[in-house]
Amino acid sequence: MIIYGVGILAFCYVVGQIFGEFIGKLIGVDANVGGVGFAMILLILINDWLKKKNYLDTSTEKGILFWSQMYIPIVVAMSATQNVKVAVSSGFMAILAGIVPVLICIAVIPFLAKISKSSQID
Amino acid sequence: MEIISKFLEKNGIVFTFLVVSLIIYFSELISVKATNKKIPGSAIAIIIGLLLAYFGGVATGGEKGIADIKIFSGFGVLGGSMFRDFAIVSTAMGASFIVIKRTGWAGVISLFLGITLSFIGGALIALLWGYHDAISLTTIGAGACTYIVGPVTGAAIGASSDVIALSIAAGVVKAVFVTIGTPFIAKYIGLNNPHTAMVYGGLMGTTSGVSAGLAATDPTLVPYGALTATFYTGLGCLFCPSLLFIMMKIVFAD
């Protein structure tokens, strides 16, 4: 049933996010540290396990895939709620302080990607 | 008229489904007819979203883009962090754990490098603009990480409210810039595989920017970029007010 898929996804989300909250608390910051990341890893592992055990039927899978198909519409809604006015009207300094770091980081991507790729052949 | 607007307000999310589906339909149409599929429909849809956010902000003076207009308040729910994160997690269904494990350490390096480089870049701009005290420089540098790291750091080290506002603005500019820029720079930096996507997510760090930017570039890369980016804000909140602030205090002691 579709709801089982949604339920599995919700389980991963809740466990991962709470884990992220606790890690934040543990290292003393007022933010969720990697909650979504933990939830994703959990989903990958559970999905793998269920597939091996043959517990996953297509309609259960559809419950998760529906949300990954809804991802772009959600991102569109998210962009429509960004504080774009502030970004545009905050003056030249804020614009540069937002853009220059991105350009610096872009410059090191080919280098980092190279060392990460060369290590996978070993 | 009033009946309709009251109804739309009450049924916010469903109305948002309708509006977003129309946005995406017209974006696909523009993509095929006007750009011959050179610019993906999702990229156009996201840019239309950002334009709507701008008009919403100008029309209402609020901070939540189009969601501040009452009949579009459903955008705030569908586009809020809960649905966003829920959908991001679901994209992991298509991700390969082997790739993640292999690229894991590069992801970690990219996170630390991304936070440090963004911080230095932001602080450098602030320095050029005449800020010389460690607190302001640190706060603006933190804002260059993400728009959450900025105010968290500023509040922790006692920055003035106008500097905190600047740091938020810098973070929002970054998110918007990454959103729009990613599909256009992708081919120049080899952003077409999971490895690079994980490195990219760690370096950029803005979850909204990375996830929207990758969605417009290649949706199969989203889980990899989002996975590393999701650690960025937390780590930034850890390092900016502590280690990086102490270093700034040593350099800019007065």
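Residues numbered from 1 in each chain as written. Chains lettered and ligands numbered in written order. Predicted model: local features only at pLDDT ≥ 70, side-chain atom pairs only at ≥ 80, totals over all residues.

A tally of regular secondary structure across chain B gives 12 helices and 0 strands. Sequence-ordered secondary structure for chain B, helices as α and strands as β, is α-α-α-α-α-α-α-α-α-α-α-α. Relative to the 2.2 N^0.38 estimate, which gives 18 Å for 254 residues, the radius of gyration of chain B is 20 Å and therefore close to what a compact globule would have. For chain B, with 254 residues in total, the buried portion stands at 59%. (Helix = DSSP H or I, 4+ residues; strand = E, 2+ residues; numbered from the N terminus. Rg over C-alpha atoms; globule rule 2.2 N^0.38 Å. Buried ≥ 20, exposed ≤ 12 C-beta atoms within 10 Å, placed from the backbone.)

Okay, the overall build of chain A next. A count of helical and extended segments in chain A gives 6 helices and 0 strands. The helix and strand sequence of chain A, counted from the amino end, reads α-α-α-α-α-α. Its C-alpha radius of gyration of 20 Å places chain A more than 25% over the 14 Å reference for a compact globule of 122 residues. Counting only residues that meet the buried cut, chain A has 48% of its 122 residues in that class. Counted over contacts in chain A with a minimum sequence separation of 6, partners at least 24 positions apart contribute 55%. (Contact = placed C-beta atoms within 7 Å.)

For the rest of this paragraph, the subject is the nonpolar core. Val76 of chain A together with Val89 and Val173 of chain B are the most contacted members of the largest nonpolar core, which totals 124 residues. Sort the elements by how many residues they give to this core and helix H12 (residues 222-251) of chain B lands first, with 15 residues. Not counting residues up to four positions away in its chain, the partners in contact with Val89 of chain B are Leu9, Cys12, Tyr13, Val36, Ala39, Met40 and Leu43 of chain A. (Core = buried A, V, L, I, M, F, W, Y, C linked by C-beta atoms within 7 Å.)

Another aspect to go through is the UniProt feature "domain: Malonate/sodium symporter MadM subunit N-terminal" (unreviewed entry) in chain B. Per the UniProt record, "domain: Malonate/sodium symporter MadM subunit N-terminal" (unreviewed entry) is annotated on residues 5-252 of chain B. Annotation note: span residues 5-252 of chain B, helix share 78%, strand share 0%, distance between end C-alpha atoms 55 Å. (UniProt positions renumbered as here; feature names shortened; annotations may be inferred.)

With that out of the way, let us pick up helix H10 (residues 194-204) of chain B. Residue and element names in this part refer to chain B. By the criterion of burial, H10 is predominantly enclosed, with 11 of the 11 residues buried. For H10, the full list of buried residues reads Pro194, His195, Thr196, Ala197, Met198, Val199, Tyr200, Gly201, Gly202, Leu203 and Met204. Two residues or fewer past H10, Gly205 is found with a positive phi of approximately 80 degrees.

We now examine the environment of Val14 of chain A. Residue and element names in this part refer to chain A. Inspection of the secondary structure puts Val14 in helix H1 (residues 2-26). Given 12 C-beta atoms within 10 Å, Val14 falls into the exposed group. Between the alpha carbons of Val14 and Ile109 there is a distance of 33 Å; along the sequence they are 95 residues apart.

Many structure descriptions define interface size as the accessible area lost when the parts assemble. On the chain B side, the residues contacting the 66 residues of chain A number 93 residues. For the side of chain A that touches chain B, the secondary-structure elements that each account for two or more residues are H1, helix H2 (35-53), helix H3 (58-69), helix H4 (71-79), helix H5 (84-89) and helix H6 (92-118) of chain A. The element contributing the most residues to the side of chain A that touches chain B is H6 of chain A, with 21 residues. Here the residues of the side of chain A that touches chain B are counted per class, giving 47 nonpolar, 15 polar and 4 charged. (Nonpolar A, V, L, I, M, F, W, Y, C, P; charged D, E, K, R; others polar.)

Residues and elements named next belong to chain B. As annotated by UniProt and renumbered to match this structure, "transmembrane region" (unreviewed entry) occupies residues 12-30, 42-61, 82-100, 106-128, 135-157, 163-185 and 229-252. The annotated region residues 163-185 carries 100% helix and 0% strand content, and the separation between its end C-alpha atoms amounts to 31 Å. Split by type, residues 229-252 is 96% helix and 0% strand. Its first and last C-alpha atoms lie 30 Å apart.

This paragraph deals with the domain arrangement of chain B. Residue and element names in this part refer to chain B. Once the domains are mapped, chain B shows domain 1 (2-79) and domain 2 (95-251). Relative to domain 2, the C-alpha centre of domain 1 lies at a distance of 26 Å. Taken together, the contact between domain 1 and domain 2 spans 6 residues of the former and 7 residues of the latter. Of the residues that constitute the side of domain 1 that touches domain 2, the class distribution is 5 nonpolar, 1 polar and no charged. (Domains from an automatic or database assignment.)

Moving on, we come to the domain arrangement of chain A. The domains assigned to chain A are domain 1 (1-82) and domain 2 (84-122). One C-alpha centre belongs to domain 1 of chain A, the other to domain 2 of chain A; they are set 27 Å apart.

What follows is about the UniProt feature "transmembrane region" (unreviewed entry) in chain A. Residues and elements named next belong to chain A. What UniProt calls "transmembrane region" (unreviewed entry) maps, in this numbering, to residues 32-50, 62-80 and 92-113. Along residues 62-80 the backbone is 89% helical and 0% strand, and the end-to-end C-alpha distance reaches 27 Å. Taken end to end, residues 92-113 has its terminal C-alpha atoms 32 Å apart, with 100% of it in helix and 0% in strand.

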